[in-house]
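Now for the letters of each chain:
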Amino acid sequence: MVGAGSMNLSGIGMTSQRTRDRLIQRLYDQGITDHRVVDQIRSIPRHIFIDEALSHRAYEDTALPIGHGQTISQPFIVARMTEVLLASGPLERVLEVGTGSGYQTAVLAGLVGKVFTVERILPLQQKARQKLRLLKAFNVRFRHSDGGMGWSEEGPFDGIIVTAAPENIPEELIDQLAIGGRMVIPVGGREQGLYILTRTEAGVEKQFLEAVRFVPLLSGVIR
Ligand code: SAH
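Residues numbered from 1 in each chain as written. Predicted model: local features only at pLDDT ≥ 70, side-chain atom pairs only at ≥ 80, totals over all residues. Heavy atoms only, no water.

## Description of the overall build of the protein chain
Scanning the protein chain for helices and strands turns up six helices and nine strands. The C-alpha atoms of the protein chain give 16 Å as radius of gyration, which agrees with the globular expectation for 223 residues (17 Å, within 12%). In terms of overall dimensions, the protein chain has C-alpha extents of about 55 × 40 × 35 Å along its principal axes. The protein chain carries 25 positive and 24 negative side-chain charges, and their two centres are separated by 7 Å. (Helix = DSSP H or I, 4+ residues; strand = E, 2+ residues; numbered from the N terminus. Rg over C-alpha atoms; globule rule 2.2 N^0.38 Å. Lys, Arg positive; Asp, Glu negative; His and termini not counted. Charge placed at Lys NZ, Arg CZ, Asp CG, Glu CD.)

Below is the structure:
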């Protein structure tokens with residue numbers, strides 16, 4: 001019997017280890033080079049973050065619907081953003097805007113000191129919290145709020161990852177970045193670019209990484 005509390009973490013059938021290994025190879029083929037990130041993706045069961053009806057597709061390299069008009073990010077994008085975020089050295093405090101399914105949160109939790117994750121849709125946050133507990137990721141703190149405002153009480157952060165796209169980068173997020181800290185963020189409307197920002201003593205350095213497609217960063221909260 002597979003209930004919410006006794007989810008099959010190892011997976012069966014289309015979620016078997018062999019299917020997962022194929023995804024890992026694909027990440028390397030697409031240019032992901034950070035083994036720590038790949039190992040983390042290898043160890044996180046993505047199928048538990050997806051509704052049962054779609055879970056047979058969990059190890060395809062694609063975004064999938066998670067309800068409320070939102071999606072779980074594509075594994076390649078999760079890998080890419082995590083790799084870029086970690087590129088300058090170990091991170092102690094990381095803010096994630098857009099918890100969604102909690103999948104990116106779980107990947108991060110194994111690689112940084114502490115994750116502070118913010119989601120505006122309460123039911124998604126509640127589900128994500130459950131999954132992270134199941135995976136024993138106890139270094140994650142959750143907040144139900146508009147993440148465009150950041151989480152000022154817990155800042156500054158040495159890393160910020162945003163998984164929904166604003167039209168413009170929110171000033172609040174830049175303000176909550178520590179000196180030397182990095183933020184990876186998709187920006188734009190129909191056409192979006194993924195950017196890495198580094199905060200320096202002098203200001204902010206911004207570098208374009210690649211074209212992407214994320215759901216929009218929206219304001220306000222949903223209960
Ligand atoms: N990394 C997540 C991606 C989820 S999609 C995953 O892999 O599952 C992006 C998420 O950002 C959605 O859940 C959406 O509700 C959330 N979001 C959008 N605008 C937000 C905001 N202003 N504050 C917090 N979360 C937001």
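## What to know about the packing of helix H2 (residues 35-43) against helix H3 (residues 75-86)
Packing of H2 against H3 leaves a shortest axis separation of 9 Å and a crossing angle of 140°. With respect to H3, the element H2 is oriented oblique. When you trace H2 past H3, the crossing you get is right-handed. Residues Arg36, Val37 and Ile41 of H2 pack against Pro75, Val78, Ala79, Thr82, Glu83 and Leu86 of H3. Split by residue class, the contact of H2 with H3 holds six nonpolar, one polar and two charged. (Axes fitted to C-alpha atoms, helices over the stretch in contact; angles between N-to-C directions. Parallel < 35°, antiparallel > 145°, perpendicular 65-115°, else oblique. Left-handed = near helix turned anticlockwise from the far one by under 90°. Contact = heavy atoms within 4.5 Å. Nonpolar A, V, L, I, M, F, W, Y, C, P; charged D, E, K, R; others polar.)

## Topic: the environment of Glu92
Within the secondary structure, Glu92 sits in the loop between H3 and strand E3 (93-97). Sequence separation between Glu92 and Val115 is 23 residues, and the spatial gap between their C-alpha atoms is 8.4 Å. With residues up to four places along the chain from it excluded, the contact list for Glu92 reads Gly113, Lys114 and Asp158.

## Considering the UniProt feature "active site" (unreviewed entry) in the protein chain
Annotation from UniProt places "active site" (unreviewed entry) at Ser73. Mapped onto the fold, Ser73 is located in the loop between strand E2 (70-72) and H3. A relative accessible area of 17% means that Ser73 is categorised as buried. With sequence-adjacent residues up to four places away left out, Ser73 is seen in contact with Arg46, Thr62, Ala63, Val78 and Phe214. (UniProt positions renumbered as here; feature names shortened; annotations may be inferred. Buried < 20%, exposed > 50% of the residue type's maximum accessible area, 1.4 Å probe, protein only.)

## Here's the deal with empty space enclosed by the protein
Scanning the model with the defined rule gives one cavity of 30 Å³ or more in all. In this structure, the largest cavity spans a volume of roughly 40 Å³. As for the largest cavity, its lining consists of Arg20, Leu23, Ile24, Ile41, Arg42, Ile44, Tyr59 and Tyr103. When residues of the lining of the largest cavity are traced back to their parent elements, those giving at least two are helix H1 (17-29) and H2. (1 Å grid on protein atoms, 1.4 Å probe; cavity = no way out; pocket = protein on both sides within 12 Å on 5 of 7 lines; lining within 4 Å. Points joined across faces, edges and corners; volume = space filled by probe spheres on them.)

## Some remarks on the pairing of strand E1 (residues 64-67)
In the sheet, E1 pairs with E2 via three bridges, with the strands oriented antiparallel. If you follow Gly67 over to E2, its bridge partner there is Gln70. Counted along the chain from E1 to the antiparallel partner E2, the turn is two residues long, and its residue His68 has a positive phi close to 55°. (Pairing = 2+ DSSP bridges.)

## Focus on the pairing of strand E6 (residues 157-162)
For E6, the tally of buried residues reaches five of six residues, placing the bulk of the element in the interior. With four bridges joining them, E3 and E6 adopt parallel strand pairing. Looking at E6, one finds that Val94 is bridged to Gly159. The sheet contact formed by E6 and strand E7 (residues 177-188) spans four bridges and is parallel. Note on E7: the bridge partner recorded for Ile160 is Met183.

## Remarks on the site of the ligand
Around the ligand there are 24 residues in total, and Ser101, Glu119, Asp146, Gly147 and Leu218 lie nearest to it. Here an oxygen atom of the ligand and a backbone polar atom of Ser73 are 3.1 Å apart. Arg120 places a main-chain nitrogen or oxygen 3.4 Å from a nitrogen atom of the ligand. When isolated, the ligand has an accessible area of 570 Å², and the protein chains bury 99% of it. Judged by its atoms lying within 2 Å of the grid points, the ligand is housed in the largest pocket. For the shell around the ligand, the secondary-structure elements that each account for two or more residues are E2 and strand E4 (114-119). It is E2 that contributes the most residues to the shell around the ligand, three residues altogether. The class makeup of the residues in the shell around the ligand is nine nonpolar, twelve polar and three charged. (Near = heavy atom within 4 Å. Polar contact = N/O pair within 3.5 Å; in protein donor to acceptor, adjacent residues only side chain to side chain. Areas by Shrake-Rupley, 256 points an atom, 1.4 Å probe, with all protein chains shown as cover. Sits in = over half its atoms within 2 Å of the grid points.)

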